[in-house]
Structures are given as structure tokens and as C-alpha cells.
2 protein chains.
Amino acid sequence: MNSVAIVGVGLIGSSFGLALREYGFAGQIVGVSSAAALEAAKKLGAIDGSASLREAAGSADLIYLAQPVDRILITIEKLPGLVRSGALVTDAGSTKAAIVRQAQRCLAGIAFIGGHPIAGKEQRGAEASEAQLFNGKPYVLTPQGPSTALTDSFRWWLEKIGARVVEMQPEEHDATVALTSHLPQVLSTSLALTLARQSNPNAAEIFGTGLLDMTRLALSSPDLWTSILATNKPAVLAAIEAYSASLADLRRSLESDTVVELFEVGASWAKRIREQHRT
Amino acid sequence: MNSVAIVGVGLIGSSFGLALREYGFAGQIVGVSSAAALEAAKKLGAIDGSASLREAAGSADLIYLAQPVDRILITIEKLPGLVRSGALVTDAGSTKAAIVRQAQRCLAGIAFIGGHPIAGKEQRGAEASEAQLFNGKPYVLTPQGPSTALTDSFRWWLEKIGARVVEMQPEEHDATVALTSHLPQVLSTSLALTLARQSNPNAAEIFGTGLLDMTRLALSSPDLWTSILATNKPAVLAAIEAYSASLADLRRSLESDTVVELFEVGASWAKRIREQHRT
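Cut-offs and rules
Residue numbers restart at each chain and count upward from 1, following the sequence in its written direction. Here the convention is simple: chains get letters from A, ligands get numbers from 1, in the order in which they are written. Local features in this predicted model are restricted to residues whose pLDDT is 70 or higher, and side-chain atom pairs enter the listing and the counts only when it is 80 or higher, whereas totals over whole chains, interfaces and linings include all residues. For the side-chain quantities, the full set of heavy atoms in the structure was used; hydrogens and water were omitted. By definition, any uninterrupted DSSP run of H or I lasting at least four residues is a helix, any uninterrupted run of E lasting at least two residues is a strand, and each is numbered from the N terminus. Atoms counted for the radius of gyration: C-alpha only. Globule rule: 2.2 Å times residue count to the power 0.38. Whether two residues touch is decided by their heavy atoms; if any such pair falls within 4.5 Å, the residues are in contact. Surface accessibility follows the Shrake-Rupley procedure with a 1.4 Å probe radius. Residue values consider only the protein chains on display as shielding. In this tally Asp and Glu are treated as negative and Lys and Arg as positive; neither His nor the chain ends contributes. Charged groups are reduced to one reference atom each: NZ for lysine, CZ for arginine, CG for aspartic acid, CD for glutamic acid. Two rings from Phe, Tyr or Trp (for Trp, the six-membered ring) form a pair when their centres sit within 6.5 Å of each other. Planes less than 30 degrees apart are called stacked, planes more than 60 degrees apart edge-to-face, and all others tilted. Exposure is judged per residue with a 1.4 Å probe applied to protein chains only, and the accessible area is read against the type maximum: over 50% gives exposed, under 20% gives buried, and values in between give partly exposed. It is the directions from the helix axis to the C-beta atoms whose arc is reported. Least-squares superposition of the copies uses the C-alpha atoms of those residues scoring a pLDDT of at least 70 in each of them. For our purposes a nonpolar core is just a set of buried Ala, Val, Leu, Ile, Met, Phe, Trp, Tyr and Cys residues, chained together by side-chain atoms within 4.5 Å.

## Remarks on the overall build of chain A
- Assigned secondary structure in chain A consists of 11 helices and 8 strands.
- Its C-alpha atoms give chain A a radius of gyration of 21 Å, near enough to 19 Å, the size a compact globule of 279 residues would have.
- Judged by the C-alpha coordinates and their principal axes, chain A covers about 65 × 40 × 35 Å.
- Nonlocal contacts in chain A, meaning residues at least 24 apart in sequence, comprise 72% of its contacts between residues at least 6 apart.
- Carbon together with sulfur atoms contributes 51% to the accessible area of chain A, which is approximately 10,900 Å² in total.
- One way to put it: in chain A the 25 positive side-chain charges average out to a point 4 Å from where the 27 negative ones average out.

## Some details on the packing of aromatic side chains
Residues and elements named next belong to chain A.
- Taken as a whole and assessed by the stated rule, the structure comprises 16 aromatic pairs over all chains.
- On the basis of an interplanar angle of 50° and a centroid distance of 6.2 Å, the ring pair of F134 and Y139 is categorised as tilted. Exposure class is identical for F134 and Y139. Each is buried.
- Three or more aromatic residues link up through ring pairs in this structure, and these residues are F16, Y64, F134, Y139 and F154.

## Brief notes about helix α4 (residues 69-78) of chain B
- Looking only at α4(B), the buried set comprises B:V69, B:I72, B:L73, B:T75 and B:I76. Summarising the axial view, the buried residues of α4(B) lie within an arc of 165°, below the 170-degree limit, and thus occupy one face.

## Side note on the relation of the copies chain A and chain B
- Of the transformation placing chain A onto chain B, the axial shift is 0.0 Å and the rotation is 180°, giving an RMSD of 0.0 Å. On the angle and the small slide along the axis, the relation comes out as a two-fold axis.
- Looking at the interface residues of chain A, 100% of them are also at the interface in chain B, so both copies use one shared face.

## Quick look at the nonpolar core
- Of all hydrophobic cores here, the largest spans 116 residues; its most connected members are A:I63 and B:I63.
- Sorting elements by how many residues they give to this core places helix α10 (residues 233-256) of chain B first, with 9 residues.
- Leave out the neighbours within four places in its chain, and A:I63 touches A:A5, A:V7, A:A57, A:V83, A:A87, A:L88, A:V89 and A:T90.

Structure (C-alpha cells):
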């Protein structure tokens, strides 16, 4: 893997470029993005230069699609005829089944491996990027065929930049992030929406850090989330259904004063993922 | 106000003692609590010494009840006959209507003002206390009668330690914190409970900081929360109902792909409380 084209040099794309450099990648890194994003990414040293999709895809060993999900789906449609023979295409989109299906449909004869770095951040854009963004974080890969020299090399670089590579089926990934990422997002937005709809004037005054924590995700950009939720609808709806059942149980427990056990189950799971997160 | 008895020297009680000292209170501060809590609070300088409830209530100008809600209700029952004439009793409990009712029922001829510092923290106990805990935070008071020299003096000290005093009716307070504190708690616990009940083994592996934020409140101590929720049940149930309606709207919007507007309403409210929090 001697040259990389990063399509979309926002938070994830620019962080991938910075991480490759930080951990010793000596080849060329070219960005494909808007003029403003390219300028920011170049200034930070995340990319060496910029190119059109045609130029970049025609020369790179690795084509790294780091756009929002809906944009990745469109870029994949454009790639046939542009990618040079023997190159590997990968993506960093937040859902995998729709993207992998699109790649299977469009990229006949072009090597593709789906990916998802579990390394979000409140801020967006190249300005927020950092070389350590992937370090210690899970990075899901969803290979649909045997490994090759180029997928092995890509995976080697992911591990080099500190990511914990986990292989999964696309549907397995989507069902998991529906629970651990999309559900929390939906709940946070629903909470902010609930409070926005209240006529109680004190609700925006009398609150502590708990409410701030619980509404942080509600700040997320709708344009990113629309395509994430749209491409994972059945799993997200199932997660909301499971959640509604738990909320109903907890609600009932308030009326019967048997709330302690449910709090303890929740607390123990919340502790468990924190221990997992530290290791 | 020349002497203070703090009943319950955990996070809030010890922080109140530390804050009084830090901001120049020169009178005596006595703690009433378990032996272990008293030792920790004394070591930190939050109290000068310890006493029984009888001794402390019999000599202090201000009796500050900083226990969990259920314990405050019990302490109030014990106070008649113990409080010296002219003293003021106040509390720092998380719900107000039940406590104010209990005070009206039990404390005939004893001055009482309900209070609630909106200044929580993940950690509990004197060890986590800090003199700046109340600084810049709302402190709700629920006076049921005209102010007196002693309520004015107490209020003056609250402002001196940096709190933003807000007066409200107990029911108004409880309806507000049902939305801004109790609802977030219930949602966080329900989320952790939902995930604990999943058979998906990846759910405890593939997650980011969003899930950690959204399950932080789920770590809260059930024994604190049982009495908070039990003394504010109608308002909490109403808040859960309002939330369920918003969640159902958001769920429907996923199916009709009109999710963006709801995300924007949520995001704008989440931004608004952050601006409020900074001022």
C-alpha cells in the first residue's frame, strides 16, 4: 500500500491521513473533497495534495471513502471505470449493509471491504481531526471474501494506527450499532424534543450536568443522521421497540415501588461497558 | 446566622460546610452523620466537630438537612422538641412537595424553608465535596411564608457561596426537575437496561463515547433514586408520557423520512440550554 486517496476529508478522513503519517506511512496521500475541506486538511498535514475523484481513484492503492453514508452510496456508483486495477476500495460509513450491497451491485471486479471506525466526536470537519482518533477504538471490517495482500496491508495499517480491528457481517454490525449508537442518538434527540415542547419556563433554567450529558448527542448534525437512520431502519425500529419495553417496565416498577432491581441491572451494565472501555 | 448544624455530611452537606468556610463564615459548623462520614468531613475541614441530632439542633441557628429524601422525611419527624427557639430548618432534598408537606405537618412553630441545590455530581460522599460545588449553579428555595431575618441571612449566604437562588412553589419545582433531572435518569437507566437484556455479544464491545454519555446517569445509586422517584411519582409519570409521545413521533418520522425537522428542534433546544448554562 503505497498511495492513498481519501474521499471526504472531514473528521474521519483527515484523522485517517494524520494517523497514517504519524505512524510512519511514507506514500502519497491525496484528498478529494470540497475546496474548503481540502485546504484545512492540507494545512494540518492530513493530505499531501488534492485531486479529482477520477485522478485520485486512478492512481491510489487504497481509496478510502470517508463521507456521510448517503454520499458514500453515490461515490460508489461513480467508481467503476475510475479505479485502477489492483486497488482496494474501503469506506468508513456508519452503517454497513446498504453500502456493502451497493458495492456488490456497482463494483464488479473491484476489490471492496466495508469498514466503520467507532471513533466519533462532537465536532466535525478537518479542524477537529487528530492522529490518535482511532487509537484504542474498535474498527469494524465487514469482508465479503477471503483476504488478499491489499486487505491484509490495509488491516495492518489500521492496527498500526492503534485501532482494534473486529470482523463482522454487515447486518451484524448494523444490528449492533442500532443498539449502541443509533438508539442513544434517537433517545437524546427525543429528550431534547420533549423538553423543547414543554411550556414550563423553568425547564431551561433548573437543570444540572445530567441533562447536558443526556442531550449532547441531540446536538448532532441532522444531515449526517438522516442517512444513517434511513439505511438502518429495521434495526433502529427494533432497538426503539426493545427500549420502549424497558421504559414501560421501569415505569411500572415506579408504581409498584420495585424500582431498585431494574436500577441495579442498568447500573451493572453501565459499569461493565466502562471497564470494557478502559481495557 | 452564627452556627450551623449539617445533618448528613455527604457530597452536598460537606460541600455546604466547605463553601461556608471558603466564603468567610466564622461561626461553628457541626455535623450529624455516621461516624465514617463525620471523620471524612472533619478531615476536609467541612465541619468543626460532630454532635447528636439533639445536641446539634438544640444549639444551631441553621439546621441544614442534607440527607437522601427518605431520610430527610424521617429527620423532620424527629425535630419537634429538639430545635432551639428562633432557629431555621432547611433541607437540600431532590424533591420538595413531600418534604414541605412533612415540615408543615411536623414542625408547628419551627421556621422551615425547603431548598434544592442543582449541583449534583457522579461521586458521592464527603470525599467528593468541594467548596465551589454551588458556585454558578441554581439553588431553588420554596418559601411558604414571608421572609424573616434568618431566611434572609440564609439566602445571603447561599448567594455568597455563588449559588443563583430561584424561588418556586414546591410543586412547580417538582414538575420541573421531573423533566430536567428525573426523566433523564429514567431514560439512562432504561437504556442500560435495554442493552443489558440484549443477547447481542457485540453490544458491550462496539460502542463509542455517545453510549458512555447516555449511560452515565445509569450508574447513579438506586437507594438515592428510589425515594426521589417515589416522592415525585405523578410528575415523573407525566414526564415519561410526554417523552413517549416524542419518541413515537421521532419513530414515525423515520418511517416517513421527515426526521430532519425533529432533529433540528432537538438540536436547537440542546444548544439553548448550553448557552443558558454558560451564563
